[in-house]
Amino acid sequence: MEYLIGIQGPDFVLVAADNVAASSIIQMKHDYDKMFKLSEKILLLCVGEAGDTAQFAEYIQKNVQLYKMRNGYELSPSAAANFTRKNLADYLRSRTPYHVNLLLAGYDETDGPGLYYMDYLSSLAKAPFAAHGYGAYLTLSILDRHYRPDLTRDEAVDLLKKCVEELNKRFIMNLPSFTVRLIDKEGIHDLEKITSGAK
Amino acid sequence: MALEDICGFKDTPVHRKLKKSGRNSGIPLQFFIPTLPNSVPFNPRPSLPFSPSNHSVTVSRPFPLSHGTTTLGFIFQGGVIAAADSRASAGGLVACPAVHKITPIHSHLVVTSSGSGADCMLWERILAREIRLYQLRHRRCLSICGTAKLLSFMLHPFKGTDVCVALTLCGWDKEVGPKLIYVCSDGARLNGDIFSVGSGSPYAYGVLDRELRWSLSKEEAISLAREAVFRATHRDAYSGNKVDIFHITAQGWSQRKREDLKEEYYRDMERRIMFT
């Protein structure tokens, strides 16, 4: 029922997540933020079982910040993604695995922008675009069709809006609004929320 | 707690059995419910395909646990209102018609509870104890957000077991003002302006979502809360009897006298007769 999407451009990563926090059939919150800021240029988007999401994401967030405090420099997005995956893998065969699906988006000074797809079985893949949730079934083909590696920021936002339009048209759940953020060499920027109009 | 100390009850902590997983090692011992050495180890999340099959036996219950409730809380210009019904149901039986589902924790924090009655009572006591200990150790009151986080972390080891608590912390923070946080034994922790929890919550949301406004006066807010609980108890079989309403402001919480909802029902009948 939750939806995450990420699109990587030549010098930025655009990410969006829906804003619904649900408990069985009730929307408990309409403005819930599913993105966790790991550092100045890394965002972790996290969906999955209630409780596991915030618990795991905050654990990763605090550990990344601890690394910076101890060593004086920040983890790169690739290192943060691999650290996250290692934690997921370690708990996978314990008695208390974390059931979370993640997208990690970041900008590295040397490597440029990066989008990493991780799922609850602790797989990790660096991808030019990715999505999580039932909505991914509807939108991955749109991304396959229209994605180019040299997208401008406006084109990426338009592609994102196409995906949200498709969800509003065909997805059975009402997802009224999406938080959108963009990461580039300047840092993390909040873009305008995408709303479907019907509140 | 106090009784335990007086009796000199020595517990064997559950967490020794969990040492291998490493996940619970950061949590202090007192957050675990003590069990006797020969009792059943709890079996976290047995439904996942890759967890080892634990040969623990689930204890069969003599009667269905109490779960039905309508509780709600919302923030408006005059502070925070917390309201709840007073019926404890066990399956189809009204186990108790006069339960207190809203419990004060300290002068500026009140907790509404839903889920299993026994679990809620226990966890409210544990929370009150931990908040008081924090206050004594650090010479300041823990913020409402901090209280919610503490409660959420205390409940986390019991995720996947039958512990079922869904609490709404309604309080006033000196720095931040009115706060409303929903904490549940699944691990969810949500900050918001309006929450309703329990089997009657969809009905309560129906009334609240239409009529709640920031600018309500105190009397209007209280009557809205009473109306929402009334409509929920009317439709939901597992909620009913009386309504408790608490109002929390910067000066602390104040409680209204319990009202029997059958008075509200007769008032509603009269209103309908007047209109037809």
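Residues numbered from 1 in each chain as written. Chains lettered and ligands numbered in written order. Predicted model: local features only at pLDDT ≥ 70, side-chain atom pairs only at ≥ 80, totals over all residues. Heavy atoms only, no water.

Chemist: How do you make sense of the environment of Gly-73 of chain B when you look at a structure like this?
Modeler: Residues and elements named next belong to chain B. Note that Gly-73 resides in strand β1 (residues 71-76). Overall, Gly-73 belongs to the buried group, its relative accessible area being 0%. The sequence separation of Gly-73 and Gly-192 amounts to 119 residues, and the corresponding C-alpha distance is 9.8 Å. For Gly-73, the contacting residues outside a window of four places in its chain are Ile-81, Ala-82, Leu-180, Asp-193, Ile-194 and Phe-195. (Helix = DSSP H or I, 4+ residues; strand = E, 2+ residues; numbered from the N terminus. Buried < 20%, exposed > 50% of the residue type's maximum accessible area, 1.4 Å probe, protein only. Contact = heavy atoms within 4.5 Å.)

Chemist: How do you make sense of the nonpolar core when you look at a structure like this?
Modeler: Note that soluble globular proteins tend to have their nonpolar side chains buried in a common cluster. The biggest cluster of nonpolar side chains holds 41 residues, and the ones touching the most others in it are Leu-72, Phe-74, Ile-81 and Tyr-182 of chain B. Looking at this core, the element that brings in the most residues is helix α5 (residues 218-235) of chain B, giving eight residues. Apart from residues no more than four positions distant in its own chain, Leu-72 of chain B is found in contact with Ile-81, Ala-82, Ala-83, Thr-112, Phe-195, Ser-196, Ala-204, Leu-208, Ala-225, Ala-228 and Val-229 of chain B. Among the nonpolar cores identified, the runner-up in size contains 27 residues, and Ala-156, Leu-159, Cys-163 and Phe-171 of chain A belong to it. (Core = buried A, V, L, I, M, F, W, Y, C linked by side-chain atoms within 4.5 Å.)

Chemist: Mind showing me how you'd approach the UniProt feature "active site" (unreviewed entry) in chain B here?
Modeler: Residues and elements named next belong to chain B. UniProt's feature table lists "active site" (unreviewed entry) at Thr-69, given in the numbering used throughout. Considering the arrangement of structural elements, one finds Thr-69 in the loop between α1 (2-7) and β1. Looking at Thr-69, the relative accessible area reads 3%, which means it is buried. Excluding residues that lie within four positions of it along the chain, Thr-69 makes contacts with Asp-85, Lys-101, Ser-113, Ser-114, Val-197, Gly-198, Ser-199, Gly-200, Asp-236, Tyr-238 and Ser-239. Here Lys-101 takes part through its side chain, which lies 3.4 Å from a polar atom of the side chain of Thr-69. (UniProt positions renumbered as here; feature names shortened; annotations may be inferred. Polar contact = N/O pair within 3.5 Å; in protein donor to acceptor, adjacent residues only side chain to side chain.)

Chemist: Can you walk me through a nonpolar patch on the surface in this structure?
Modeler: Residue and element names in this part refer to chain A. Nonpolar side chains collect at one region of the surface, where Met-1, Tyr-134, Tyr-137, Ile-172 and Met-173 lie side by side and expose about 640 Å² of accessible area between them. Assignment of secondary structure puts Tyr-137 in helix α3 (residues 135-146). We classify Tyr-137 as exposed; its relative accessible area is 71%. (Patch = residues over 30% accessible without salt bridge, like charges linked within 9 Å, V, L, I, M, F, W, Y side chains within 5 Å. Areas by Shrake-Rupley, 256 points an atom, 1.4 Å probe, with all protein chains shown as cover. Salt bridge = Lys/Arg side-chain N within 4 Å of Asp/Glu carboxyl O.)

Chemist: For this particular structure, what's the right way to read unusual backbone geometry?
Modeler: The general pattern is negative phi for most residues beyond glycine and trans for most peptide bonds. Located in the positive-phi region is Ser-24 of chain A, a residue other than glycine, with phi close to 50 degrees. The residue Ser-24 of chain A is located in the loop between β3 (21-23) and β4 (26-29) in this model. Phi at Asn-241 of chain B takes a positive value of approximately 70 degrees, unusual for a residue other than glycine. Looking at the secondary structure, you find Asn-241 of chain B in the loop between α5 and β11 (242-249).

Chemist: How should helix α2 (residues 117-138) of chain B be read in this particular structure?
Modeler: The periodicity of an α-helix, 3.6 residues per turn, causes residues three or four positions apart to be oriented the same way. All names here are of chain B. Under the 1.5 Å per step criterion, the end-to-end length of α2 is 31 Å for 22 residues, consistent within 8% with the ideal 32 Å. On its buried face, α2 sits against β5 (102-106), β6 (109-115), α3 (144-155) and β7 (165-173). Backbone geometry just downstream of α2 places Arg-139 in the positive-phi region, at approximately 55 degrees. (Expected span 1.5 Å × (residues − 1).)

Chemist: Is there a simple way to think about the packing of aromatic side chains in this case?
Modeler: Centre distance and the angle of the planes are the two values used to describe a pair of aromatic rings. Residues and elements named next belong to chain A. On inspection of all chains with the given rule, the structure shows 10 aromatic pairs over all chains. Among the aromatic side chains, those forming a connected cluster through ring pairs are Phe-56, Tyr-91 and Tyr-98. Across from the ring centre of Tyr-116, 5.8 Å away, lies the NZ or CZ of Lys-126, which sits over that ring. (Phe/Tyr/Trp six-rings, centres within 6.5 Å; stacked < 30°, edge-to-face > 60°. Lys NZ or Arg CZ within 6 Å of the ring centre and 35° of its normal.)

Chemist: What exactly am I supposed to notice about the pairing of strand β10 (residues 194-197) of chain B here?
Modeler: In summary, the side chains of a regular strand alternate between the two faces of the sheet. Residue and element names in this part refer to chain B. Of the two faces of β10, the one holding Ile-194 and Ser-196 and the one holding Phe-195 and Val-197 are both buried throughout. By the bridge criterion, four bridges tie β1 to β10 in an arrangement that is antiparallel. The residue bridging Gly-73 from the neighbouring strand is Phe-195, located in β10. (Pairing = 2+ DSSP bridges.)

Chemist: Would you explain the environment of Leu-180 of chain B in this entry?
Modeler: Among the structural elements, Leu-180 of chain B can be located in strand β8 (residues 177-184). C-alpha of Leu-180 of chain B to C-alpha of Ala-82 of chain B: the two residues are 98 residues apart in sequence and 9.5 Å apart in space.

Chemist: What is the right way to read the side chain of Ser-39 of chain A from this model?
Modeler: All names here are of chain A. Note on placement: Ser-39 falls in strand β5 (residues 35-39). Residue classification places Ser-39 among the buried residues on the basis of a relative accessible area of 9%. Contact partners of Ser-39, with chain neighbours within four places excluded, come to Glu-74 and Ile-188.

Chemist: Help me out: how do you make sense of the sheet that holds strand β9 (residues 189-191) of chain B in this one?
Modeler: Pairing between sheet strands relies on hydrogen bonds along the backbone, with the strands arranged either parallel or antiparallel. Residues and elements named next belong to chain B. Strands sit in the order β5-β6-β7-β8-β9 across an open sheet of five strands; the sheet is antiparallel. What marks the edges here is a single partner per strand, and that holds for β5 and β9. Strand-to-strand twist in this sheet, taken as the mean axis angle between neighbours without regard to direction, amounts to 20 degrees. Strands β6, β7, β8 and β9 of the sheet are contacted by α3, whose axis makes an angle of about 10 degrees with β8. (Axes fitted to C-alpha atoms, helices over the stretch in contact; angles between N-to-C directions.)

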